[in-house]
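Secondary and tertiary structure notes
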Amino acid sequence: MKPLLKITDLHVSIEGKKILNGINLTINSGEVHAIMGPNGSGKSTLGNVLAGREEYTIESGSIEFEGEDLLSMDIDQRALSGIFLAFQYPVEIPGVSNSNFLKSIINAKRVFQGLPELNALEMLKYIRSKMIAIEMDENLLKRSLNDGFSGGEKKRNEILQMTLLEPKMAILDETDSGLDIDALRIVAEGVNQLRSPARSFIVVTHYQRLLNYIIPDFVHVLSNGRILATGDKTLAEKLEDQGYDWIREGNSVTP
Amino acid sequence: MAEQEKIMEQIDTAFHDLESGLNGKTGTPMHAFLKHAYSVLKQIEFPGRKHEDWKYTPVQRLMALPYKLPRTTAQYKVTELAGLESYIIPVLNGKTDVASLHPDLKTAGIKISMLQEAMEDTRLKSIFNKWLNPERPDSNQAFEFLNFTFQSGGFFLEIPKHLILEKPIEIHFIHDDPDVSFSHPLYFVHAGSGSSITLIERFEKNIASTVADQAGLINALGFYHLDHNASIRHIKWQDLPAAQSLVYKLALSQEKDSRFNSLGIDFGGETIRNNVEVELEGSNTYTSLQAGFLAQARQSMDHQTRINHKVPHCESHELYKGIIDGQASAAFNGKVYVHPDAQKTNAYQQNDTLVLSPHAVMNSKPQLEIFADDVKCSHGATIGQLDDKSMFYLMARGISAPAARHILKAAFLAQVLDSMEVEPLRDHIRSRMTLDI
């Protein structure tokens, strides 16, 4: 089977500073990969590079998505092709209503897929059905996009967008940070409902806590821009108990 | 000053054309007024690049065109706005024909008279005379006296005491002529005590025009007076043809407890100069000036505001938001004077601009002069580009780069446009400026 995503010897820098130093990662359809690591290890960079953030310079290496060269694709084309990044810090855009934004992204996707756009009524029905599943307050539709949303509301709005767009490759960038335990459970349930053989996840997190709810198939430990260890969910538990120091000492683990 | 002489020569020719067209009407108070205005105009010069208040408006270039007086146009049409019912006052090539206005205006209690007649009415004249005879006129008033000099179809609009109009009044300003010409709308709005109206000024293209677009200048001058507790919601929508320019002045005086809410949107035209001058004569007034503009190609849009807080307990708000693209330029100069007696003044001013092209230019100058010690005043100015993080966020959801830019531009102006209560006009403006999301 052809992998969904194949990252080969990826080196990335920002403003001359090297952040990723040779990442190799292969993700097949239906797999959930957790990426853990201390602050500054390059976890968020990886997600942002996959989504196409332009501040980063690709020094060398390649990323193939469904066999295509992802790095040559524009940001919007990546999204339309099935890449979704749930932002660590969702951007607030006053003046753009959340409901209009959601309509725009749903219809952009449908047009890309050659499907007819949804009318206002179908749209509302579709959005509402997904909001109920993640216990999201409908009033958030009327507000400006993420503007003045609480941390939990912003993260739910990210999960809502993911649910609506049904991506093939979803990257959750520290979606658990700043969430209380109830919000965390709801967000994790939203993700679990989306798990399917046709969809893969990269779950970037600093804490093992989220992985109690989203059980990963693989856990990778990132440090200084390299994957130092790969294991199953027990690796995450070990990190929680022992911290990251033992990995830095060179005790590399492979599944 | 060779340029100045050339300008005055053209004006002289146009003035003699006007006089020769007066036929039997020479020697009237109106004719005396024109002659007086012209004699003042000859003594003052049009402001040049060195004039602090005019350096961002290309006055010499604007006045270098060989303007004639326009012919009379009979047919006009502006975009019909579904769902908008209003009382309409057309100003065609600077002139209003009061006799042919729809009888609904009279039925609703709106009093309107031609300026010629108003000039012979001592009661009305006492109201507006001070505006027509400013003390020590200087370059700042050049366009005003140009307007007075060519005055021939202005009107006086009176909203009687306690009249509350549900439907808005619309003034349609149309300039349409086969030759290069200028027109000079002049109007007075006197809102009686306790009255409340919505007044919409639309500067638009004549879509029933039979001639090709031609360069032209509209030099419009509106004087507003709000009596005790009067309220005006004022909207200005400027969507002129690309070859036309506008010099616009709104002079406002407010008596106690009155409220003036203004929302101006500039989109069309070539060189646009907006002057808003506010005199707060009575306490406990509220004044809000909001404006949004989109300057593209080689458009120039210069906004000058002056709010004179002369008495205590008045509140003024200004919010000017503009987007400048292409080789366009724009300016905002917001003057707020708080006189020593104007204690407990609240005055807030904000000017935010997006500059989207390396060839576009914005000049922003807040100018607050405060001589009272117990006041709340603030001002702020920002100039920036579209936010990279917002662009990335939208595109990471599958929105194309042009669509994302479009959404962010619309969002930027939404803060101003969303507050427009006349929905059919707001929707029309959004679609004209392609600010729909």
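Our subject is the structure listed above.
Just so we're clear, the structure is a prediction, and the values are computed from it rather than from any experiment.

Examining the environment of B:Gly384
Following the sequence through the fold, B:Gly384 ends up in strand S19 (residues 376-384). In this structure, the C-alpha to C-alpha distance between B:Gly384 and B:Leu356, residues 28 residues apart in sequence, is 8.2 Å.

What to know about the interface of chain B and chain A
Tallying the contact residues gives 17 residues for chain B and 20 residues for chain A. Residue assignment for the side of chain B that touches chain A shows that the elements contributing at least two residues are helix H8 (388-395) and helix H9 (401-417) of chain B. The element best represented in the side of chain B that touches chain A is H9(B), accounting for six residues. When its residues are assigned to classes, the side of chain B that touches chain A shows eleven nonpolar, four polar and two charged.

Topic: the sheet that holds strand S2 (residues 17-27) of chain A
Residue and element names in this part refer to chain A. In space, the four strands of this open sheet follow the order S2-S1-S4-S5, with antiparallel pairing throughout. Each end of this open sheet is capped by a strand with a single partner; those strands are S2 and strand S5 (68-69). Note that strand S1 (residues 5-14) and strand S4 (residues 57-65) share seven bridges and pair antiparallel. The residue of S4 that forms the bridge with isoleucine 7 is isoleucine 63.

Considerations on the packing of helix H4 (residues 120-133) of chain A against helix H5 (residues 151-165) of chain A
Residues and elements named next belong to chain A. Where H4 meets H5, the closest approach of the two axes is 10 Å, and the angle between their N-to-C directions is 125°. One way to sum up the angle between H4 and H5 is to call them oblique. Here H4 runs over H5; the crossing is right-handed. Of the residues in H5, those in contact with Ile127, Lys130 and Met131 of H4 are Leu160, Thr163 and Leu164. Grouping the constituent residues of the contact of H4 with H5 by class yields four nonpolar, one polar and one charged.

The rules behind these values
- Residues numbered from 1 in each chain as written.
- Chains lettered and ligands numbered in written order.
- Predicted model: local features only at pLDDT ≥ 70, side-chain atom pairs only at ≥ 80, totals over all residues.
- Helix = DSSP H or I, 4+ residues; strand = E, 2+ residues; numbered from the N terminus.
- Contact = placed C-beta atoms within 7 Å.
- Nonpolar A, V, L, I, M, F, W, Y, C, P; charged D, E, K, R; others polar.
- Pairing = 2+ DSSP bridges.
- Axes fitted to C-alpha atoms, helices over the stretch in contact; angles between N-to-C directions.
- Parallel < 35°, antiparallel > 145°, perpendicular 65-115°, else oblique.
- Left-handed = near helix turned anticlockwise from the far one by under 90°.

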